[in-house]
Amino acid sequence: MKVGKQTYFLDNKVYIQSAYSLAGPYESKGNFREYFDSVMEDDEWKCKSHEMAEIEMQRYVIGECLSRVNVNPMDCDVIMGGDLINQIVPTSFSARDFRTPFMGLYNACATFGEAMAIGSTLVNGDFEKVVCCTSSHYATAERQYRYPLELGTQPTPESQWTVTGSGAVLLSKKQGNYPLVKGYTIGRVVDFGLSDPNNMGGAMAPAASNTIVTHFRDTGRSPDYYDMIITGDLGRFGRETLHYLAKKEGYVLDNLNDCGSLMYSEAQKAGQGGSGAGCCSLVFAAYLYKKLIDGSLKKILFVPTGAMLSKDSALQGESIPGIAHAVVIEMED
Amino acid sequence: MEDKQYMEYIHTHAQKSNHALTLVWAFLVGGFICCIGQAFRDIFEVALPNWDEGKIAALVSMTMIFLGSFLTAIGVYDKIGMHAGGGSIVPITGFANSVVSPAMEFNKEGIVLGMMAKMFVIAGPIIVAGTVSSVVTGLIYWIVELIK
């Protein structure tokens, strides 16, 4: 059911039947250390390269997410997801190990939001079970977007740390004490002209603000309808900027949080916080899902955010467009 | 909200680098690397009394390049660079780091098209700029000599 301009509510119940998280070694020392289902002891994870490790991460997370609720991958209707690496190789390659139909998606770090929106729509329709999975890896992202790992460069104060980790969820029609995907607001690409690839929070905040404000205008809800509004990877500065932008539009987001800014502890000195396509899926599967199940959170607005840049577009002087999708997740009353 | 207004907000609110601190770090670490170089020079001069100055200078450069490469290979140089910034980029050890780090990074794509092809992605511009500027300097020198 369409509400307003960009918001859709699902008529049927779409449950998040299972979730599984795998965190990298650095992330496992961060603020969510008690919540991760599994932790990698090193970055390469006994693989030939970091790219191979990211493939293995997704394969592992999808496998564990399904085996946790005794679902055979072959019984799933589709696996969908993405990552940040060229031609979404980690996601596509991980899918070759499952005899399940596959759809690759890309919305930069907002891919998990995109996957949940599409996945829940499919399950709202004729699909029974849909797996959504995204990942990111510090080493693969550094090499693609920045410099070789061993190059002695200095990070700027606005830069963020790409999260090594992966999270998967199983969307299904199966009833139970699971969180429900109620609906979503699809964001549009917003570009305020920022072109500093070291300040992604600033580039993505306008998109997040646009999506969140549109969601409230479409639904007539106010921010306090939700226990928590949680964005993907804006970082500390991006979160403050989003707060400021939403306030200008007349919405005070007191319950605003950000997966990226929460990821690392102060002592880890990870700049503005975490980023990457795996950042929000990891926090969702590790932390938010568990908090929803145990009842400490009832209604959340989950807003993965993405910066749609490539290394070439940045070098060619293009500004950085941002995107954000808002997914409404609630526990059944 | 206007784009211009937003840019202004970003410029006034974004955290700035602490220039005083980064300058001090760069000065100290850069100076320390140069002191090590000088120490090697003094040692070589004593140890190899028959070598002329040019040979000693080349030996010092080679030693420093080896040290920069070695510290890159064992994963230490990037940690120094994290604090030192320009202090560890400008000396010749930084040049070694900029060649060895992509060589290590792209080794996985094979020796020829990976390591050998990508070895100079960072250092390439420095070599081009160095060559071009030395040609220009040479031309100016030549013209000045002609006029004289």
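Attention now moves to the interface of chain A and chain B. Put simply, an interface is often sized by how much accessible area is lost when its parts join up. Contact with chain A, which involves 31 residues of that partner, is made by 33 residues of chain B. Taking both partners together, chain A and chain B bury about 2600 Å²; carbon and sulfur atoms supply 59% of that area. The largest per-residue losses of area from chain A upon contact with chain B belong to Arg143(A), Glu150(A) and Phe192(A), which jointly make up 26% of the total buried on that side. Summed over the shared surface of chain A and chain B, the result is three salt bridges. The closest approach of N and O atoms between Arg143(A) and Glu109(B), which form a salt bridge, is 3.1 Å. Taken together, the connections running from chain A to chain B amount to eleven residue pairs in polar contact (both at pLDDT 80 or more). Taken together, the elements giving at least two residues each to the side of chain A that touches chain B come down to helix H4 (138-145), helix H5 (200-219) and helix H6 (235-248) of chain A. Examining the composition of the side of chain A that touches chain B, we find that six residues originate from one element, H6(A), more than from any other. Within the side of chain A that touches chain B, the residues separate by chemical class into 14 nonpolar, nine polar and eight charged.

Okay, helix H2 (residues 19-47) of chain B next. Residues lying three or four places apart along an α-helix face the same way, a consequence of the helix completing one turn every 3.6 residues. Residue and element names in this part refer to chain B. The end-to-end C-alpha separation of H2 is 41 Å, in line with the 42 Å expected for 29 residues at 1.5 Å each. Those residues of H2 that fall on the buried side of the exposure criterion are Ala26, Val29, Gly30, Ile33, Gly37 and Phe44. Each element contacted by the buried residues of H2 is listed here: helix H3 (53-73), helix H4 (77-84), helix H5 (86-89) and helix H6 (92-105).

All right, on to the packing of aromatic side chains then. Residues and elements named next belong to chain A. Overall, the coordinates contain 21 aromatic pairs over all chains when judged by the stated rule. Taken together, a centroid distance of 5.4 Å and an interplanar angle of 85 degrees make the contact between tryptophan 45 and tyrosine 60 edge-to-face. Residue tryptophan 45 is found in the loop between strand E4 (38-39) and helix H1 (50-67), and its partner tyrosine 60 is found in helix H1; the two are separated by 15 residues along the sequence. Note on tyrosine 60: relative accessible area 24%, which makes it partly exposed. Feature note: the residues Tyr26, Tyr138, Trp161 and Tyr264 constitute an aromatic cluster, connected by ring pairs.

Rules and cut-offs
Residues numbered from 1 in each chain as written. Chains lettered and ligands numbered in written order. Predicted model: local features only at pLDDT ≥ 70, side-chain atom pairs only at ≥ 80, totals over all residues. Heavy atoms only, no water. Contact = heavy atoms within 4.5 Å. Buried area = accessible area lost by both parts, 1.4 Å probe. Salt bridge = Lys/Arg side-chain N within 4 Å of Asp/Glu carboxyl O. Polar contact = N/O pair within 3.5 Å; in protein donor to acceptor, adjacent residues only side chain to side chain. Helix = DSSP H or I, 4+ residues; strand = E, 2+ residues; numbered from the N terminus. Nonpolar A, V, L, I, M, F, W, Y, C, P; charged D, E, K, R; others polar. Expected span 1.5 Å × (residues − 1). Buried < 20%, exposed > 50% of the residue type's maximum accessible area, 1.4 Å probe, protein only. Phe/Tyr/Trp six-rings, centres within 6.5 Å; stacked < 30°, edge-to-face > 60°.

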